[in-house]
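One-letter residues, chain by chain:
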2 protein chains.
Amino acid sequence: MSNPTAAILIIGDEILSGRTRDANMHFLAGQLTEAGIQLKEARMVPDDRDVIVDAVNTLRKSCDYVFTSGGIGPTHDDITADCIAAAFGANIGVRKDAYDLLDAHYKRQNKEFNEARQRMARIPDGATLIENPVSIAPGFTMENVNVMAGVPSVFEAMVASVLPTLTGGAPLLSQTYRINRGEGDIAGPLGELAAEYPEISIGSYPFTENGMFGANIVMRSTDAAKLDAAMVKLAGLFPA
Amino acid sequence: MSNPTAAILIIGDEILSGRTRDANMHFLAGQLTEAGIQLKEARMVPDDRDVIVDAVNTLRKSCDYVFTSGGIGPTHDDITADCIAAAFGANIGVRKDAYDLLDAHYKRQNKEFNEARQRMARIPDGATLIENPVSIAPGFTMENVNVMAGVPSVFEAMVASVLPTLTGGAPLLSQTYRINRGEGDIAGPLGELAAEYPEISIGSYPFTENGMFGANIVMRSTDAAKLDAAMVKLAGLFPA
């Protein structure tokens, strides 16, 4: 598959401690698949500068696009923007366009635009801003790295701002066929079918329902005709 | 913190395509925190042999424990056991104890113990089995790598089998304090408190509720007395 590739980096102690269940990886995975961008890896790391810098530098070289989630708010544990600057060897400082956006926002709310809030206007040199229609404080794109908030409503809004600017590929099509038999009963013929269609990703996802075993067979490809042909063959092997 | 460290490797195309939302990372994260084992990284990768082997070899060297989820069933896309063997340079073959467990299980169910199902008895040389009370097919532990099923009910049962065999540390204690003010209003004093207690991890997790901003401040430490002291100070800074 020659579609563009992507990685997601989820940043935050609260994810790794089990306190918070991340929702952004799953959301973005679906969005990327629809856009024809192949998600190759998701990585979740703590609020640790060296770890974040290393991960960003590894992923931005191995994938066409990187998306980060978390750590761009006003508090002391929000270190992502500085880590991105460090990863690129770029300077970082308060930027006027981001500052003005936030200044106007807090004036409208009659809230003090204090030093902590001004941290959210710190953007690495050379980045472009990602619009945040929910809470104004912008994300930013630094080369192929898109830096977004961790709060799901804000993350989702930023994804909506960024995705149309990216070059996608042929959408990855997916068809699912449900078989009410245990995986062990179908694995042999299914493996032969997978060998016959090496360009189609064929996954088997077992389930139990009311004490009965079954499996959903999911076929994925950017080629609609081949996908249809393989699906017809699968249905022939295991009639409903 | 000198507690043992861990990494989780979630294996499966269906996670990265957004078809399936992983539940195992979050479950295990909570279990490890309770056991005093510090989760340092979670990584999600596709059903790709080279990627899995690389990830296993990286993580097993950087952490005390590795846990994998997914890819140990009977179908062609279940390649985890072979990848673990390759990562350790170990042979893999059908092992008698695993074979006997499965043979008895399928006899009881009057199901054929066919070649596909026998694949689930393939265990790398030198591994010990992890009991699976749900669907019998065992996981296994190879040195510090614990290989478990992706189906959440089975994964959770395997975690229950494995965790008591591991050496944990002092449990990571956590206290949460809710502040009904925006992060930007509290970030200054909170940052000073974090600087005063460097051994305590202090995270700020913003929320909005009925249009009002707030933040949950979570403090984590293995030292109950220090945690209490910091929490008293926090409550003094931001009285309810």
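Identification of chain A as Competence/damage-inducible protein A from Marivivens donghaensis is taken from an unreviewed UniProt entry.

Student: Even after reading the chapter, I still don't get the relation of the copies chain B and chain A, so can you show me in this structure?
Tutor: The pair of chain copies shares a relation made of a rotation about an axis and a shift along it. With an RMSD of 0.0 Å, the fit of chain B onto chain A corresponds to turning through 180° and sliding 0.0 Å along the axis. On this basis, the relationship between the two copies can be described by a two-fold rotation axis. In terms of proximity to the rotation axis, the leading residue of chain B is R43 of chain B, whose C-alpha is 2.2 Å off the axis. Both copies present the same face, since 100% of the interface residues in chain B are matched by interface residues at the equivalent positions in chain A.

Student: It is not clear to me how the environment of A23 of chain B should be interpreted in this structure. Could you clarify?
Tutor: Inspection of the secondary structure assignment puts A23 of chain B in the loop between α1 (13-16) and α2 (24-34). Here the alpha-carbon distance between A23 of chain B and I10 of chain B, two residues 13 residues apart in the chain, equals 10.0 Å.

Student: Looking at this model, I keep getting lost on the packing of α2 of chain B against helix α7 (residues 152-162) of chain B. Mind explaining?
Tutor: For any two helices packed against each other, one specifies the crossing angle of their axes together with the interaxial distance. All names here are of chain B. Contact pair α2 / α7: the axes reach a minimum separation of 10 Å and the direction vectors enclose 20°. Taken together, α2 and α7 sit at an angle that is classed as roughly parallel. When the axes of α2 and α7 are compared, the crossing they make is right-handed. Contacts from N24, F27, L28 and Q31 in α2 reach P152, F155, E156 and V159 in α7. By residue class, the composition of the contact of α2 with α7 is five nonpolar, two polar and one charged.

Student: I tried to follow the side chain of T68 of chain A on my own but got confused; where do I start?
Tutor: Residues and elements named next belong to chain A. Counting through the fold element by element, T68 comes out in strand β3 (residues 65-69). Classification of T68 by relative accessible area gives buried; the value is 0%. Excluding residues within four positions of it along the chain, T68 makes contact with L9, I11, T80, I84, V145, N146, V147, M148 and F155.

Scoring rules and cut-offs
- Along every chain, residues carry numbers that run from 1 in the direction the sequence is written.
- Each chain gets a letter, beginning with A, and each ligand a number, beginning with 1, in the order they are written.
- At least 70 in pLDDT is required for a residue's local features to be given in this predicted model, at least 80 for side-chain atom pairs to be given and counted, and no such filter applies to totals for whole chains, interfaces and linings, which use all residues.
- With hydrogens and water excluded, all non-hydrogen atoms of the structure serve as input to the side-chain values.
- Here the copies are matched by least squares. The fit uses the C-alpha atoms of residues with pLDDT of at least 70 in both.
- The contact rule is simple, with two residues in contact once any of their heavy atoms fall within 4.5 Å.
- Here a strand is any run of E in DSSP of at least two residues, a helix any run of H or I of at least four, and the numbering for each starts at the N terminus.
- Each axis is a line fitted through C-alpha atoms, taken for helices only over the stretch in contact, and angles between the N-to-C directions span 0 to 180 degrees.
- When describing relative orientation, an angle under 35 degrees is termed roughly parallel and one over 145 degrees roughly antiparallel, while 65 to 115 degrees is termed roughly perpendicular and anything else oblique.
- Should the near helix be turned counterclockwise from the far one by less than a right angle, the crossing is left-handed, whereas a clockwise turn marks it as right-handed.
- In the scheme used here, Gly and all other residues not listed as nonpolar or charged are polar, with Ala, Val, Leu, Ile, Met, Phe, Trp, Tyr, Cys and Pro taken as nonpolar and Asp, Glu, Lys and Arg as charged.
- Summary of the burial criterion: residues with accessible area below 20% of their type's maximum are buried, those above 50% are exposed, and those between are partly exposed, where the area comes from a 1.4 Å probe applied to protein chains only.

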